[in-house]
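Coordinate inspection notes
In case you want the letters, here they are:
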Amino acid sequence: MKARLLRARTGSGAIDMASVDEAAGLLRDGRLVAIPTETVYGLAANALDRAAVARIYAAKGRPSFNPLIVHVPDQSAARRLAAEWPDAAEALAQAFWPGPLTIVVRKQPSVPPEVTAGGDTVALRAPAQPVARALLDALELPLAAPSANRSNAVSPTSAAHVMQGLGARIDAVLDDGPCAVGIESTVVDVTGDVPRLLRPGGLPIEAIERVVGPLARAEEPTGGARRASPGMLTRHYAPDVPTELVDPSAFVAAMSRMPASARVGAVVRTAPRPSDPRVVGWERLGDNPAEFGRRLYASLHRLQDQGATHVLLERVPDAAGWEAVADRLRRAAGPIRR
Ligand code: TXA
Ligand code: MG
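Within any chain, residue numbers begin from 1 and follow the written order of that chain's sequence. Labels are handed out in written order, letters beginning with A for the chains and numbers beginning with 1 for the ligands. Side-chain atom pairs in this predicted model are given and counted only at pLDDT of 80 or more, local residue features only at pLDDT of at least 70, and totals for whole chains, interfaces and linings cover all residues. Side-chain measures were taken over the full set of non-hydrogen atoms in the model, leaving aside hydrogen atoms and water.

1. Observations concerning helix 4 (residues 87-96)
Where we set the bar: Think of it in three bands: with a 1.4 Å probe and only protein chains considered, a residue is buried below 20% of the maximum accessible area for its type, exposed above 50%, and partly exposed in between. Helix and strand definitions follow DSSP, with helices as H or I runs of at least four residues and strands as E runs of at least two, each counted in order from the N terminus. The arc under discussion is defined with respect to the helix axis, by the directions toward the C-beta atoms. Contact criterion: two residues are considered in contact whenever any of their non-hydrogen atoms come within 4.5 Å of each other.
All of the buried residues in helix 4 are Ala 88, Ala 89, Leu 92, Ala 93 and Phe 96. Looking straight down helix 4, one finds that the buried residues subtend no more than 125 degrees of arc, so they occupy a single side. Summarising the geometry of helix 4, the exposed residues directed more than 90 degrees from the buried face are Asp 87 and Gln 94. The elements touched by buried residues of helix 4 are helix 3 (75-81), strand 5 (101-106), strand 9 (186-189) and helix 8 (205-212).

And the structure:
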């Protein structure tokens, strides 16, 4: 099987409803379709169809304990899947939906356990991406969708990335070009007294805190301990070769440790590419965290395509605005725990 590529735009740039309807038909039939969102491409299935949701886990090789985000058109659709809709959910949805924010609430019994990995909460998000919105409107069904990559691999920000990783395992890809935000949604749990950050992401933390006050933080996951957000395994979003996080001042030393036969790929902020024959790719993503985040996954995919055998990632500032990028870099370089 090879996924069909469905182009989401006509020549004039309008949304191609024939493609959207085709994707909707496949999804109604319980098939898997990768869809564009403003954060990353998602691997979508009808969230109310248990067999279809099970296919997501199989296609990704995703562990069954890691629950999925459910995508809805708006707050009223979200509320139909929630057993409780606390004031914080209301305030956050009002302020940031549609957009790169996922809200975890108590679930209705109608949400199948496959979606929530057996838990009694559900993660909900209304995406802003116009094609995703057109699809959700046409379908009138909630869509379960994790990022459209094999489990632990680098997330996709283009249809080509999806095809490369999952093309042989899914039914179609709805292609709307590169993702505007490029990094996954921020995940906030509002089931407790104080809203809690489970994953930094495309919506900056300061923006959220202006609406609901200071967020509690999830502790870092450790081996066997209970995880607040089961998806946050240490190694994640990772290139498939040894990957190291390096202080800017230690870059030269890190290069000198590379074997003579190494093919080195690097992601840096502004450092110029050294004239070293071992360097096969040098991605300079700049000093703006939103821009860095938007380009990061495409850079990691490119380094893989260039045949890098070692990847060096420059550590970014421990400063407001950089949390999501710092988190993804750390997880890309984390110890392998698959
Ligand atoms: O931007 C995004 O969020 C993208 C697009 C496609 O929407 N999706 C995405 O999904 O990043 P995924 O599966 O790669 O990450 C979902 C994260 C995981 O860390 C998972 O553990 C967490 O959300 N999550 C899902 N349901 C949860 C729940 N009920 N409670 C706590 N965490 C949950
Ligand atoms: Mg993911």
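2. What to know about the sheet that holds strand 7 (residues 143-144)
Applicable threshold: What makes two strands pair is DSSP finding at least two bridges between them. Think of each axis as a best-fit line through the C-alpha atoms, taken over the contacting stretch in the case of a helix, with angles from 0 to 180 degrees between the N-to-C directions.
Taken in spatial order, the eleven strands of this open sheet run 1-8-2-3-7-4-6-5-9-10-11, and their pairing is mixed. The strands lining the two open edges of the sheet, one partner per strand, are strand 1 (4-7) and strand 11 (216-217). Relative to strand 6 (residues 121-125), strand 5 runs antiparallel, the two being bridged by four bridges. Residue Val 105 lies in a different strand from strand 6, and its bridge partner there is Val 122. On the sheet, helix 2 (residues 50-60) packs against strand 3 (42-46) and strand 7 and is oriented at approximately 155 degrees with respect to strand 3.

3. What about helix 1 (residues 17-28)?
Condition: Here a helix's expected span is defined as the number of its residues, less one, multiplied by 1.5 Å.
With twelve residues, helix 1 extends 16 Å between its outermost C-alpha atoms, agreeing within 8% with the 16 Å of an ideal straight helix rising 1.5 Å per residue. Residues of helix 1 that are buried: Ser 19, Val 20, Ala 23, Ala 24, Leu 26 and Leu 27. With its buried residues spanning 160 degrees around the axis, helix 1 presents them on a single face. As for helix 1, its buried residues are in contact with strand 1, strand 2 (33-35), strand 3, helix 6 (130-139), strand 7 and strand 8 (172-175).

4. Brief notes about the sheet that holds strand 15 (residues 310-314)
What links the strands of a sheet is backbone hydrogen bonding, and the strands pair in either a parallel or an antiparallel sense. Strands sit in the order 12-15-13-14 across an open sheet of four strands; the sheet is parallel. Only two strands of the sheet have a single neighbouring strand rather than two, namely strand 12 (243-246) and strand 14 (279-284). On average, each strand axis in the sheet is inclined to that of its neighbour by 15 degrees, with strand direction left out of account. In this structure, strand 13 (residues 264-268) lies alongside strand 14, joined through five bridges in parallel fashion. When the bridges of strand 14 are listed, Val 268 appears paired with Arg 284. Strands strand 13, strand 14 and strand 15 of the sheet are contacted by helix 10 (residues 289-305), whose axis makes an angle of about 180 degrees with strand 13.

5. Observations regarding the packing of aromatic side chains
Stated precisely, the cut-off is as follows: Only rings of Phe, Tyr and Trp enter the pairing, Trp through its six-membered ring, and a pair is recorded when the two centres are within 6.5 Å. The plane angle decides the type: under 30 degrees is stacked, over 60 is edge-to-face, the rest tilted.
Applying the stated criterion to the full structure yields three aromatic pairs. Between Phe 251 and Trp 282, the ring centres sit 5.7 Å apart and the planes meet at 80 degrees, which makes this aromatic pair edge-to-face. Here Phe 251 is found in helix 9 (residues 251-257), whereas its partner Trp 282 is found in strand 14, with 31 residues between them in sequence. As far as the burial class goes, Phe 251 and Trp 282 line up, both buried.

6. Observations regarding the pairing of strand 10 (residues 196-199)
Threshold: By convention, a crossover is right-handed whenever its connection, traced from the first strand over the helix to the second and viewed with the strands pointing away, goes clockwise.
Bridge count for strand 9 against strand 10 is three bridges, and the pairing is antiparallel. Each residue of the ladder has a partner; that of Val 188, found in strand 10, is Leu 197. The hairpin formed by strand 9 and strand 10 contains six residues between the paired strands. Here strand 10 runs beside strand 11; their pairing, made up of two bridges, is parallel. Across the sheet, residue Arg 196 finds its bridge partner in strand 11, namely Ala 216. A crossover links strand 10 with its parallel partner strand 11, the connecting element being helix 8, and its sense is right-handed.

7. Observations concerning the packing of helix 10 against helix 11 (residues 323-332)
What counts is decided by this rule: Helix crossings are classified by the rotation of the near helix relative to the far one: an anticlockwise turn of less than a right angle makes the crossing left-handed, while a clockwise turn makes it right-handed. Nonpolar residues are Ala, Val, Leu, Ile, Met, Phe, Trp, Tyr, Cys and Pro. Charged residues are Asp, Glu, Lys and Arg, and all others, Gly as well, are polar.
Contact geometry for helix 10 and helix 11: axes closest at 9 Å, N-to-C directions at 35 degrees. Along this stretch, helix 10 crosses helix 11, giving a crossing that reads as left-handed. When helix 10 is examined against helix 11, the residues Pro 289, Phe 292, Gly 293, Leu 296 and Tyr 297 are found in contact with a partner set consisting of Val 325, Arg 328 and Leu 329. When its residues are assigned to classes, the contact of helix 10 with helix 11 shows six nonpolar, one polar and one charged.

8. Focus: the nonpolar core
Condition: The definition of a nonpolar core used throughout is a set of buried Ala, Val, Leu, Ile, Met, Phe, Trp, Tyr and Cys residues joined through side-chain atoms within 4.5 Å.
Counting 51 residues, the largest nonpolar core has Trp 85, Trp 97, Leu 101, Ile 103, Val 105, Leu 124 and Ile 170 as its most contacted members. Apart from the residues within four sequence positions on either side, Ile 103 is in contact with Ala 89, Leu 92, Ala 93, Trp 97, Val 122, Ala 123, Leu 124, Val 188 and Val 190. Within the second largest apolar cluster, 23 residues are counted, among which are Tyr 237, Val 241, Trp 322 and Ala 332.

9. Remarks on the environment of Pro 156
Relative to the helices and strands, Pro 156 is located in the loop between strand 7 and helix 7 (159-166). Pro 156 gets classed as buried once you look at its relative accessible area, which sits at 1%. Along the backbone, Pro 156 and Arg 50 are 106 residues apart, and their C-alpha atoms lie at a distance of 25 Å. For Pro 156, the residues in contact, after removing those within four places along its chain, are Val 40, Tyr 41, Ser 147, Ala 148, Asn 149, His 161, Val 162, Cys 179 and His 301.

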